[in-house]
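Chains, contacts and geometry: an overview
Next come the chains, spelled out residue by residue.
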Amino acid sequence: MTTMTEASVREFKMPDVGEGLTEAEILKWYVQPGDTVTDGQIVCEVETAKAAVELPIPYDGVVRALHFPEGTTVDVGTSIIAVEVAGAAPAASEPQPAPAPQGLPQEEEPAPEGRQPVLVGYGVAATSTKRRPRKGPEVPVAQASAPQASTVIQAELNGHGPAPAADRPRPLAKPPVRKLAKDLGVDLTTVTPTGPDGIITRDDVHAAAATTQPAPQQAAPAQAPAPAQEAATPAAPAGAAAPVTPAAAHDAARETRIPVKGVRKATAAAMVGSAFTAPHVTEFVTVDVTRTMKLVEELKQDKEFTGLRVNPLLLIAKALLVAVRRNPDINASWDEAAQEIVVKHYVNLGIAAATPRGLIVPNIKDAHAKTLPELAQSLGELVSTAREGRTSPAAMQGGTITITNVGVFGVDTGTPILNPGESAILAVGAIKPQPWVHKGKVKPRQVTTLALSFDHRLVDGELGSKVLADVAAILEQPKRLITWA
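What counts, and at which threshold
- Residues numbered from 1 in each chain as written.
- Predicted model: local features only at pLDDT ≥ 70, side-chain atom pairs only at ≥ 80, totals over all residues.
- Heavy atoms only, no water.
- Helix = DSSP H or I, 4+ residues; strand = E, 2+ residues; numbered from the N terminus.
- Buried < 20%, exposed > 50% of the residue type's maximum accessible area, 1.4 Å probe, protein only.
- Contact = heavy atoms within 4.5 Å.
- Areas by Shrake-Rupley, 256 points an atom, 1.4 Å probe, with all protein chains shown as cover.
- Core = buried A, V, L, I, M, F, W, Y, C linked by side-chain atoms within 4.5 Å.
- Polar contact = N/O pair within 3.5 Å; in protein donor to acceptor, adjacent residues only side chain to side chain.
- Salt bridge = Lys/Arg side-chain N within 4 Å of Asp/Glu carboxyl O.
- Pairing = 2+ DSSP bridges.
- Axes fitted to C-alpha atoms, helices over the stretch in contact; angles between N-to-C directions.

Side note on the overall build of the chain
A count of helical and extended segments in the chain gives 17 helices and 21 strands. The proportion of buried residues among the 485 residues of the chain is 38%. Here the analysis covers contacts within the chain between residues at least 6 apart in sequence; of these, 64% occur between residues at least 24 apart. Here the chain has roughly 25,900 Å² of accessible surface; of this, 57% comes from carbon and sulfur atoms.

Given below as structure tokens:
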């Protein structure tokens, strides 16, 4: 006889990878059912409202099921992957399983199942653990039963339509196909799959959409030649809101609906909160930055900046830091609960970055204490990390003042909205040659427009004007970086 080693299936739940975040989107799976995983191995990448984060599995075992496909938003605390952990059961001896059928296996076995290992700082509620009968060959059961409740609930929250009955299997379709169905207004539960293993294909979705769209076109001509039937049939179609379905299908063919989630959702909430909480005032100044552009070219040749990215943003950031040092009250925040103005004696300089996942504002910690080469290195790391989608939640917390460079898009300037918790944000426009009076003569000079938005509750016009004027003066005469620093 072959001795079978006991094993238990552990459910790894979506942890809270930020501060109080309630959901995260699964961006990519790095494992598949049947793969062997080890403690600490990265199994997936998820995106929260703040950043993309890689999740490690906290135990060794074999992947039995991935409960959600890529692109699905999952609530914190919901099981996302099932891993069979060998040797995690009470014992592997023969006599141990014998008493189980005689007693109450469902009463005795939950104990080890409830003691699930967790990541540092993550909590797993034992009450949310679902117990399934332990049977050797029934691996598909783990894939089907474990995600039932969570998938049903999450599907409804994610806008996939009404949640199906708990006993109805979730339609099998890849994320692009699910998105196509959502765009066309097709309910996947009504689509007949033709792909292998019952998977719904793009053709299946198009076919389902085609069957719903021609219906209204046939209804109109059918009513015209048969007036006698109209008297009998209009009662039902009129109350059934027949025009609504074709209109929705027609709009879906001409419009694309993008779910608001992750970084974009958080940014939208933050901008609305900021715009309607802090009274914004924006001031503008146009400045000749020809000398600054020359200094940028000189610094590129300096050996201290070898391997570092030197650009106008570097000197603009340094100019703002000097202006903050000369006008420290601009570096503050408004505490509504305590009715206090909190002046920060440090500068965490935020840099607004447009990424494929939305706008984020990571910040350089203690930027005021950095030398110019150190600031250049920090800026380079911040930008590259943001573009790769690897910015951590910690990097986006605690900012005190921000720069947004709209000039890279060829825009002259704008009226930026404050990053929540900050009192000022500097917008930098495009730098381009313009006719400028220089030394009594009109000459082509490198010119840009700066815009400073500030919270008028704690920054008055004089303070805001001084800060903006100082930044402009430094960019016009970069030697002030030395004289004023």
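Description of the nonpolar core
Judged by nonpolar contacts, the single largest core of 47 residues is most densely connected at Leu 320, Leu 349, Ile 403, Leu 426 and Leu 450. Those elements that place two or more of their residues in this core are helix H13 (290-300), helix H14 (312-326), strand S14 (349-351), helix H15 (372-387), strand S18 (401-405), strand S19 (424-428), strand S21 (441-455) and helix H16 (461-476). If you look at the next biggest cluster of nonpolar residues, it comprises 21 residues, including Val 31, Val 46, Leu 55 and Val 63.

Describing the side chain of Asn 363
For Asn 363, the position within the fold is in strand S17 (residues 363-364). Given a relative accessible area of 7%, Asn 363 falls into the buried group. In this structure the side chain of Asn 363 is engaged in a polar contact, spanning 2.9 Å, whose partner is the side chain of Lys 365. Among residues more than four places away in sequence, those in contact with Asn 363 are Asn 348, Leu 349, Gly 350, Leu 382, Ala 395, Met 396, Gln 397, Gly 398 and Gly 399.

Observations regarding the pattern of salt bridges
All told, the structure shown has 10 salt bridges when counted by the stated rule. The partner of Glu 54 in a salt bridge is Arg 390, with the nearest N and O atoms 3.2 Å apart. Of this pair, Glu 54 sits in strand S5 (residues 52-56) while Arg 390 sits in the loop between H15 and S18, and the two are 336 residues apart along the sequence. Residue classification places Arg 390 among the partly exposed residues on the basis of a relative accessible area of 38%.

Let's talk about the sheet that holds strand S4 (residues 42-47)
Taken in spatial order, the 4 strands line up as S5-S4-S2-S7 in an open sheet, and their pairing is antiparallel. Since the sheet does not close on itself, it has two edges, and those belong to S5 and strand S7 (73-75), each with one partner. Shown here is a sheet whose adjacent strand axes are inclined to one another by a mean of 40 degrees, direction ignored.

Side note on unusual backbone geometry
You will see that Gln 339, though not glycine, has its phi angle at about 55 degrees, which is positive. Along the polypeptide, Gln 339 turns up in the loop between strand S12 (332-335) and strand S13 (340-343). In this structure Gln 339 comes out as exposed when scored by relative accessible area, which is 52%. The backbone of Lys 439 sits at a positive phi, close to 55 degrees, despite the residue not being glycine. When you line up the elements, Lys 439 lands in the loop between strand S20 (432-438) and S21. On the accessibility criterion, Lys 439 (70% relative accessible area) is exposed.

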